[in-house]
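Fold and geometry: a report
The lines below spell out each chain.
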Amino acid sequence: MSEKQSPVLTLFALSALIVISLATCGAWVDDADGLRAAKSSGIVDPRITGKTVALAAFAGCAKEDGVAFDVTGKNASGERVEAVVCCGVWFKACTVRYK
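What counts as what
- Residues numbered from 1 in each chain as written.
- Predicted model: local features only at pLDDT ≥ 70, side-chain atom pairs only at ≥ 80, totals over all residues.
- Heavy atoms only, no water.
- Disulfide = S-S within 2.5 Å.
- Buried < 20%, exposed > 50% of the residue type's maximum accessible area, 1.4 Å probe, protein only.
- Helix = DSSP H or I, 4+ residues; strand = E, 2+ residues; numbered from the N terminus.
- Contact = heavy atoms within 4.5 Å.
- Pairing = 2+ DSSP bridges.
- Axes fitted to C-alpha atoms, helices over the stretch in contact; angles between N-to-C directions.

This next bit is on the state of the cysteines. Two cysteines joined by a covalent bond between their sulfur atoms form a disulfide. Following the criterion strictly, the structure yields 2 disulfides and no others. Note on cysteine connectivity: Cys 87 is disulfide-linked to Cys 94, with sulfurs 2.1 Å apart. A torsion of 105 degrees about the S-S bond marks the disulfide between Cys 87 and Cys 94 as right-handed. Take Cys 94: its relative accessible area is 27%, and that puts it in the partly exposed class. Taken in sequence order, the bonded cysteines of the protein link in the pattern 1-2, 3-4.

This is the structure we're talking about:
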């Protein structure tokens, strides 16, 4: 005996899959993009110390950003600096925000 699957359950599962896919799309952003943005903002020898791919807004980025890279390096004076590099997935470049 086979039971028909509820259309509501199917719709719920499909909706959950779409939400999870969109929330983690920052995983598609390459680390090289974050490093390139850090270097172009003046950070010398940048290193990625962390990456947030879901809900980057809670890591200090805008709601449009898909990924947040925690970056450390040195400024032009040789002092250690920390920053968050926020990158969008589609149609938005990276932004560097110093801590």
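Once that is clear, we can look at the side chain of Thr 72. Examined against the element boundaries, Thr 72 turns out to sit in strand S2 (residues 67–74). Those residues in contact with Thr 72 that lie beyond four places of it in its chain are Ile 43, Asp 45, Pro 46, Arg 47, Thr 49, Arg 80, Val 81 and Glu 82.

Glancing now at the sheet that holds strand S3 (residues 80–87). Strand order in the open sheet formed by 4 strands is S1-S2-S3-S4, and the pairing between neighbours is antiparallel. Each edge of the open sheet is held by one strand with a lone partner, namely strand S1 (44–52) and strand S4 (94–98). Taken pair by pair, the neighbouring strands of this sheet meet at an average axis angle of 30 degrees, ignoring direction.

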